[in-house]
Amino acid sequence: MKTKPLTTLPAWKALTRHRQAIEKLHLREFFAQDKRRGERFTAEGAGLHLDYSKNRINAETLRLLRQLARETDLRGKIAAMFRGDKINSTENRAVLHTALRAPRNAVIRVDGKNVVPEVHAVLNQMADFANRVRTGKWRGHTGRRIRNVVNIGIGGSDLGPVMAYEALRHYSDRSRTFRFISNVDGGDFVEATRDLDPTETLFIISSKTFTTLETMTNAHSARTWLLRAFRGEAKAVARHFVAVSTNAEKVSEFGINRANTFGFWDWVGGRYSMNSAIGLSTMIAIGPQHFRALLAGAHAMDEHFRTAPFARNLPVLLGLLTVWNTNFLHAETVAVLPYENYLKRFPAYLQQLTMESNGKHVTRDGQAVNYATGPIFWGEPGTNGQHSFYQLIHQGTRLIPCDFIAFARPLTPLGRHHDLLLANVFAQAEALAFGKTAVEVKDEGAPAALVPHKVFSGNRPSNTILADKLTPAALGKLVALYEHSVFVQGVIWNIDSFDQWGVELGKILAQRIVPELESRTTPKLKHDSSTNHLIRRYRKMKGK
Ligand code: G6Q
């Protein structure tokens, strides 16, 4: 059944008209009109608190956005995802990262088969292995304990594990070193391994397909690096390499034992895979119990998303507000600003989750869209960003909605630090919303010539997500919150949030040029004149 074009839906048209009224109002006025706005425009879900009152919206905006959700059948689409329908239509796959954190007794069928028992079997296999590494039962080829764990993977097989390791470092086993190698740039491998002792190093080769150029190149370099230390003794590989993949055949071709292969399934998208065996490095770092708490946190958010009324549903609100800011206020980006240093890789992780999912130009039925889709996500932890790019957010000409993320309790209390940190996050959101008028600036005694420079227009939207403490469960909730917000946006925009043809293209293109760079004889180049020139120049610089 063909869906009605988004821009022809009654709610979309109403929102377009409604925007004109909203655009005339300043956040100062919204707050003046409703003294309780700051309490009213908030929601709680799975223990996370969302304050969305500093968005340029009123009750009518929210009503129309919820109507838009109904007209695009968001409720039905949520049910379809959780049920295991093949909603990734261009790849004909189910989308079931929610099954990765489903309780043991849940029943979720793909092609008639309940996948939950397999999920738990892999989790048990991971826990058993992680415990063996952590207790020293699993040893290297020469009998030494494993002190270094190196995850080799890229994209979805890297960003989640790196982010989770950094985020949960506080809970990690500090006697071990964790490294992550992703880039095909040899510098990544060399720097990550230069101070490691191969006899104490375990490589986890994480690749859903086990064919990705970067990961396979790094995996082969790792094998060479390891075997050099063992004078070519191939048997050593079995004690120093394990794999995480859906492609068991390719894994055994590489020489990794089936028993040391941790599987997952085609219904787990790369960027949605950190709760699968792709999280093995996380589990070794923080232990199986904390890993299960991470899953439980994500599951709690799944349940909230699945069951809470839209008016109080965090992922729905966040998703709809992103649609509002993107399509009606024409914001092009979203800044994600965690005021929690352990979340320093969270923006990078979110970049993939959001932009690979919703960077699409056609609808699910292949029609070009005539509205903006996924905004650009970016960010840095606070307060660092305040001393650099916040200038543009406060006084630039663009509208940049911000998501501030903060926790009431620090993991590492230190003097007054935490109150100072939180004072900053609240102050930034306040300043963005309310700004500073020319009268206020003059009253502060600024010389007339400086007044325009010191004026802050305000009216700049932000959300604040406040949670108790960055625990494994809280991280699970936060990740699931954004996963589902991305889903909501994708449903409204009627795009496939779960394919990534742009990434597939990149995987093929470079393969064509590799032989042209490596060949001893001058290759016949058939690219455009610029690419041809660059290839010739490079060959010349290399002395070829
Ligand atoms: C994620 C993407 C992409 C993928 C990497 C690695 O959704 O598809 O980032 O995760 O290209 O792929 P492999 O895990 O197959 O090596």
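Residues numbered from 1 in each chain as written. Predicted model: local features only at pLDDT ≥ 70, side-chain atom pairs only at ≥ 80, totals over all residues. Heavy atoms only, no water.

What about the overall build of the chain?
Consideration 1: Helix and strand content of the chain: 22 helices and 13 strands.
Consideration 2: The C-alpha atoms of the chain give 25 Å as radius of gyration, which agrees with the globular expectation for 544 residues (24 Å, within 12%).
Consideration 3: Judged by the C-alpha coordinates and their principal axes, the chain covers about 75 × 60 × 60 Å.
Consideration 4: For the chain, buried positions account for 53% of its 544 residues.
Consideration 5: The long-range share in the chain, meaning contacts at least 24 apart out of those at least 6 apart in sequence, stands at 74%.
Consideration 6: Carbon and sulfur atoms make up 53% of the accessible area of the chain, which amounts to about 24,200 Å² in all.
Consideration 7: For the chain, the distance from the average site of its 73 positive side-chain charges to the average site of its 49 negative ones is 3 Å. (Helix = DSSP H or I, 4+ residues; strand = E, 2+ residues; numbered from the N terminus. Rg over C-alpha atoms; globule rule 2.2 N^0.38 Å. Buried < 20%, exposed > 50% of the residue type's maximum accessible area, 1.4 Å probe, protein only. Contact = heavy atoms within 4.5 Å. Areas by Shrake-Rupley, 256 points an atom, 1.4 Å probe, with all protein chains shown as cover. Lys, Arg positive; Asp, Glu negative; His and termini not counted. Charge placed at Lys NZ, Arg CZ, Asp CG, Glu CD.)

Focus: the packing of helix α4 (residues 59–71) against helix α14 (residues 314–328)
Consideration 1: Contact geometry for α4 and α14: axes closest at 10 Å, N-to-C directions at 100 degrees. Comparing their axes, α14 and α4 come out roughly perpendicular. Counting all contacts with α4, which are made through Thr-61, Leu-62, Leu-65, Arg-66, Leu-68 and Ala-69, the residues of α14 involved are Leu-317, Leu-320, Val-323 and Trp-324.
Consideration 2: Each residue belonging to the contact of α4 with α14 can be placed in one class, and the counts come to eight nonpolar, one polar and one charged. (Axes fitted to C-alpha atoms, helices over the stretch in contact; angles between N-to-C directions. Parallel < 35°, antiparallel > 145°, perpendicular 65-115°, else oblique. Nonpolar A, V, L, I, M, F, W, Y, C, P; charged D, E, K, R; others polar.)

A closer look at the sheet that holds strand β5 (residues 148–152)
Consideration 1: Strand order in this open sheet of five strands is β6-β5-β7-β8-β9, and the pairing throughout is parallel. Here the strands that pair on one side only, and so sit at the sheet edges, are β6 (177–181) and β9 (261–263). For this sheet, the mean inter-axis angle between neighbouring strands, taken without regard to orientation, is 20 degrees.
Consideration 2: Where helix α8 (residues 186–193) meets the sheet, its contacts fall on β6 and β7 (201–206), and the angle it forms with β6 comes to roughly 170 degrees.
Consideration 3: Helix-sheet contacts for helix α9 (residues 213–229) involve β5, β6, β7 and β8 (241–245), and the interaxial angle to β7 is about 160 degrees. (Pairing = 2+ DSSP bridges.)

Considering the environment of Leu-64
Consideration 1: Tracing the backbone through its elements, the reader meets Leu-64 in helix α4.
Consideration 2: For Leu-64, a relative accessible area of 4% puts it in the buried group.
Consideration 3: Once the C-alpha coordinates of Leu-64 and Ala-14 are considered, the two residues, 50 residues apart in sequence, prove to be 7.2 Å apart.
Consideration 4: Residues within four places of Leu-64 in sequence aside, it is in contact with Ala-11, Ala-14, Leu-15 and His-18.

Some points on the pairing of strand β12 (residues 402–409)
Consideration 1: The buried count for β12 comes to six of eight residues, which makes it a mostly enclosed element.
Consideration 2: Pairing between strand β10 (residues 333–339) and β12: five bridges, direction parallel. Each residue of the ladder has a partner; that of Tyr-339, found in β12, is Ala-406.
Consideration 3: Pairing between β12 and strand β13 (residues 462–469): seven bridges, direction parallel. Counterpart to Phe-404 in the pairing with β13 is Thr-464.

Focus on the site of the ligand
Consideration 1: Surveying the vicinity of the ligand reveals 14 residues, the closest of which are Ser-157, Ser-207, Thr-209, Thr-212 and Gln-352.
Consideration 2: One nitrogen or oxygen atom from the side chain of Thr-212 is found 2.5 Å from an oxygen atom belonging to the ligand.
Consideration 3: Here an oxygen atom of the ligand and a side-chain polar atom of Gln-352 are 2.7 Å apart.
Consideration 4: Here the ligand loses 93% of its free accessible area of 400 Å² to cover by the protein chains. (Near = heavy atom within 4 Å. Polar contact = N/O pair within 3.5 Å; in protein donor to acceptor, adjacent residues only side chain to side chain.)

Side note on the pattern of salt bridges
Consideration 1: Across all of its chains, the model carries 24 salt bridges by this definition.
Consideration 2: Two residues, Asp-111 and Lys-86, come together in a salt bridge whose shortest N-O distance is 2.9 Å. In this pair, Asp-111 sits in the loop between β3 (109–110) and β4 (113–114) while Lys-86 sits in the loop between α5 (74–83) and β3, placing the two residues 25 residues apart along the sequence.
Consideration 3: Its salt-bridge partner being Glu-253, residue Lys-250 comes within 3.9 Å of it at the nearest N-O pair. (Salt bridge = Lys/Arg side-chain N within 4 Å of Asp/Glu carboxyl O.)

Description of the packing of helix α13 (residues 288–307) against helix α20 (residues 472–493)
Consideration 1: Contact pair α13 / α20: the axes reach a minimum separation of 7 Å and the direction vectors enclose 40 degrees. Here α13 is positioned oblique relative to α20, judged by the angle of their axes. Here α13 and α20 pass one another in a crossing that is right-handed. The segment α13 lies against α20, with His-290, Ala-293, Leu-294, Gly-297, Ala-298, Met-301, Asp-302 and Phe-305 engaging Pro-472, Ala-473, Leu-475, Gly-476, Lys-477, Ala-480, Leu-481, His-484, Phe-487 and Val-488.
Consideration 2: Here the residues of the contact of α13 with α20 are counted per class, giving twelve nonpolar, four polar and two charged. (Left-handed = near helix turned anticlockwise from the far one by under 90°.)

Some words on the sheet that holds β10
Consideration 1: The strand order β1-β2-β13-β12-β10-β11 describes an open sheet built from six strands, whose pairing is mixed. Looking at strand neighbours, the two that pair on one side only are β1 (42–45) and β11 (376–378), the edges of this open sheet. Each strand axis lies, on average, 20 degrees off the axis of its neighbour in the sheet, ignoring direction.
Consideration 2: Packing against the sheet, α20 makes contact with β2 (48–51), β10, β12 and β13, and its axis sits at approximately 165 degrees to β12.

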